[in-house]
Amino acid sequence: MTSKAFDVVVIGGGVIGSAIAYFLSNRPDFTGSIAVIERDQTYEYASAPRSLGGVRQQFTTPENIKISQYTAEFLAEIGDLLEVDGDRPDVGFKKQGYLFLGTPGMEDGMRRIHDIQNRENAPVTLLDADAMAVKFPWLNLEGISLGSFGTANEGWIDPFALLQAFRRKARALGATYFDDEAVGIDRDGNKVTAVHLKGGETLSAGIVVNAAGYRGGKVAAMAGADLPVRPRKRSVFVVDIKEQIPGHPLLIDHTGVYWRPEGQYFVCGKSPDEDNDPEVEDDDFEVDHAWFENEIWPVMAERCSKFEALKVVNFWAGMYDMNLFDHNAVIGPHPEITNLFFANGFSGHGIQQSPAVGRALSELIVTGKFETLDLSAFRFDRIAAGEKFLEEAVV
Ligand SMILES: Cc1cc2nc3c(=O)[nH]c(=O)nc-3n(C[C@H](O)[C@H](O)[C@H](O)COP(=O)(O)OP(=O)(O)OC[C@H]3O[C@@H](n4cnc5c(N)ncnc54)[C@H](O)[C@@H]3O)c2cc1C
C-alpha cells in the first residue's frame, strides 16, 4: 500500500486535533504539511458532540483561568478567525454564567477560590442567599448559603459547531483529513517515524500528535508511551418541564448535579465519585437510567419545584477523556520520544480549552516553546515525577 510523507500527523480530528491543525496551518512561519487522521468523519461517538459545551472562567488555577480567558477572546472573534468563503461560523455562545451552589461547610473553600479568581481578573462574584433569592427566585436555597456566579464570558456553546468550524478552516488552509484509523506507530529509537492506517496506508511523519480523545491512552501505547488517559462514561438527560426559566445559568449543585437550559428543554447530568467511576470499554454507550432517577432528578426537584414534574425527552452517554493521574490536560512532547506530542486528558473540559491548546501545540511544534501562555504545568513528565496539577473545579 502507498506511503505518503507529512511534516505533522495528527491522530484524531476532533475538536482538539482540528484546533491544532487550524492554528498550525494558520501560522505564516509554518510551511509544512499536515495530515489529520479521523476514524469517524460523522463524529458519532466522539466526546465533543456528546458534551454540554460549557465554557467557564471559574477554575481554581491561574493556568486554567488564563486558558478560559483566551477562550473568551477567541470566541468573540470566531466569525472572523474561522471564516471560510464568506461563511462565518457561529457557535451560539449563551453567556448565562455558571452558578456553583455551596453549603455553609463549603464557604471557606469557595472564598479561597474566589480570591484566586479575583487575582486573575476572572469576572466572578460571590452571592449570599439573599442576593441569590432576588436573582434566581425559582431556586430553593434550603441548605445553601453561598453561590459563585460568573458574570461575563461564561455559559455554553454548541460544541459540534466549534469542532466543525476548526475542521473546515484547517482544511481550507491546507490540512489533509484522512478518513481512516491509526492502528500503529513506528519508532526508531527516541523518534516516531510513521503512522499505520487501518486501510493499509502508511504515513511517514516528522512529528506525530496524539489528539485521540478518550482513546489517547491506546494511541500512546502504539508508540510505547504510557499515558494514563482512559474513557469514563457520563450519562446525559434532556428533560421537558413545559416552560422555560429566563436567565437560568448552568447550575452546579453542591451534590455535583448540574443542569442548564437547552432550547425549550434542560440538559442535566452528574459525575460519579472517583471510587464509583469504573473502567469502561470505549464502545460502551449504554445509558444509566437509574442514575437519573436516583441521583439527578431528586436534586433538581428539590432545588426547583418546576422540575418535580418532567418528561425525559432524550438521553445519551458520552466519554470523558479522563486523565487518571490528576484530571487535567497533558500538553506537549514526550520527554524521551521527542517528536511525539500530546494534547490529551482534558477530563471533561476539553471543548473550552481547545483554542488555547491548539495555539499552544502550534507554538511548541514550530518554535519549541510556549510563546503566549506558558502551559508547561501540563507537561507529560509531571506524571513520572508524581507532580499532580491540582485543579479543584473539575465537574
Ligand atoms: C457528557 C459530557 C459533557 C462534557 N461537557 C463539557 C463541557 O461542558 N465543557 C467542556 O469544555 N468539555 C466538556 N466535555 C469534555 C469534552 O467533550 C472533551 O474534553 C473534548 O471533546 C475532547 O476533545 P478531543 O478532540 O480530545 O476528543 P474527541 O472529541 O473525542 O475527539 C477525538 C477524535 O479522535 C478520533 N480518534 C480516536 N482514536 C483514533 C485513531 N486511532 N485514529 C483516528 N482517529 C481517532 C475519534 O474518532 C474522535 O473523533 C464533556 C464530555 C462529555 C462526555
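Being a predicted model, the structure only gives us computed values, none of them experimental.

Undergrad: With reference to specific residues and values, describe the overall build of the chain.
TA: When helices and strands are tallied, the chain shows eleven helices and 18 strands. Relative to the globule expectation of 21 Å for 395 residues, the C-alpha radius of gyration of the chain, 21 Å, shows essentially globular dimensions. Its C-alpha atoms give the chain principal-axis dimensions of roughly 65 × 50 × 40 Å. Looking at the 395 residues of the chain, the share that counts as buried comes to 57%. A separation of at least 24 residues holds for 75% of the contacts in the chain among residues at least 6 apart in sequence. For the chain, the exposed surface amounts to about 16,300 Å²; the carbon and sulfur share of it is 48%. Positive and negative side-chain charges of the chain, numbering 37 and 58 respectively, have mean locations separated by a distance of 3 Å.

Undergrad: Can you lay out the packing of aromatic side chains for me, pointing to particular residues and giving the numbers?
TA: Taken as a whole and assessed by the stated rule, the structure comprises 19 aromatic pairs. Aromatic pair Phe23 and Phe74: ring centres 5.7 Å apart, planes at 45°, arrangement tilted. Remark: Phe74 occurs in helix 3 (residues 62-76) and Phe23 occurs in helix 1 (residues 15-25); sequence separation between them is 51 residues. Arranged with centres 5.9 Å apart and planes meeting at 15°, the rings of Phe292 and Trp297 form a pair that is stacked.

Undergrad: Summarise the environment of Leu146; cite the residues concerned and give the values.
TA: Mapping Leu146 onto the fold places it in strand 6 (residues 146-150). Residues Leu146 and Phe100 lie 46 residues apart in sequence; the distance between their C-alpha atoms is 8.4 Å. Ignoring any residue separated from it by four or fewer positions in sequence, one finds Leu146 in contact with Phe100, Leu101, Gly102, Glu107, Met110, Arg111, Leu126, Leu127, Asp128 and Met132.

Undergrad: Now, about the UniProt feature "domain: FAD dependent oxidoreductase" (unreviewed entry) in the chain: what can you tell me, with residues and values included?
TA: According to UniProt, the feature "domain: FAD dependent oxidoreductase" (unreviewed entry) maps to residues 7-364 in the numbering used here. Measuring from the first to the last C-alpha atom of residues 7-364 gives 14 Å, for a span that is 29% helix and 29% strand.

Undergrad: Tell me about the UniProt feature "transmembrane region" (unreviewed entry) in the chain, residues and numbers included.
TA: Mapped onto the present numbering, the UniProt feature "transmembrane region" (unreviewed entry) falls on residues 6-24. Along residues 6-24 the backbone is 53% helical and 32% strand, and the end-to-end C-alpha distance reaches 13 Å.

Undergrad: Break down the site of the ligand for me, with residues and values.
TA: In the region of the ligand, 37 residues are neighbours, and Glu38, Ser47, Gly54, Ala182 and Gln352 sit closest. Contacts to the ligand include Ala48, whose backbone N or O atom sits 3.1 Å from an oxygen atom. Relative to its unbound accessible area of 1,000 Å², the ligand is 97% covered by the protein chains. Every element with two or more residues in the shell around the ligand is listed here: helix 1, strand 2 (34-38), helix 2 (47-50), strand 12 (229-240), strand 16 (311-323) and helix 10 (350-367). The element contributing the most residues to the shell around the ligand is strand 16, with four residues.

Undergrad: Break down the pattern of salt bridges for me, with residues and values.
TA: Evaluation of the coordinates by the stated rule reveals 22 salt bridges. In this structure, Glu201 engages Lys4 in a salt bridge whose closest nitrogen and oxygen atoms are separated by 2.8 Å. Of this pair, Glu201 sits in the loop between strand 10 (191-197) and strand 11 (202-210) while Lys4 is found in strand 1 (residues 3-11), placing the two residues 197 residues apart along the sequence. Judged by its relative accessible area of 37%, Lys4 falls in the partly exposed class. Note that Lys270 and Glu295 form a salt bridge whose closest N and O atoms lie 3.0 Å from each other. Of this pair, Lys270 sits in strand 15 (residues 265-270) while Glu295 is found in helix 9 (residues 289-303), placing the two residues 25 residues apart along the sequence. Here the salt bridges share partners, and the residues they tie into one network are Arg27, Asp29 and Glu371.

Conventions adopted
Residues numbered from 1 in each chain as written. Predicted model: local features only at pLDDT ≥ 70, side-chain atom pairs only at ≥ 80, totals over all residues. Heavy atoms only, no water. Helix = DSSP H or I, 4+ residues; strand = E, 2+ residues; numbered from the N terminus. Rg over C-alpha atoms; globule rule 2.2 N^0.38 Å. Buried < 20%, exposed > 50% of the residue type's maximum accessible area, 1.4 Å probe, protein only. Contact = heavy atoms within 4.5 Å. Areas by Shrake-Rupley, 256 points an atom, 1.4 Å probe, with all protein chains shown as cover. Lys, Arg positive; Asp, Glu negative; His and termini not counted. Charge placed at Lys NZ, Arg CZ, Asp CG, Glu CD. Phe/Tyr/Trp six-rings, centres within 6.5 Å; stacked < 30°, edge-to-face > 60°. UniProt positions renumbered as here; feature names shortened; annotations may be inferred. Near = heavy atom within 4 Å. Polar contact = N/O pair within 3.5 Å; in protein donor to acceptor, adjacent residues only side chain to side chain. Salt bridge = Lys/Arg side-chain N within 4 Å of Asp/Glu carboxyl O.

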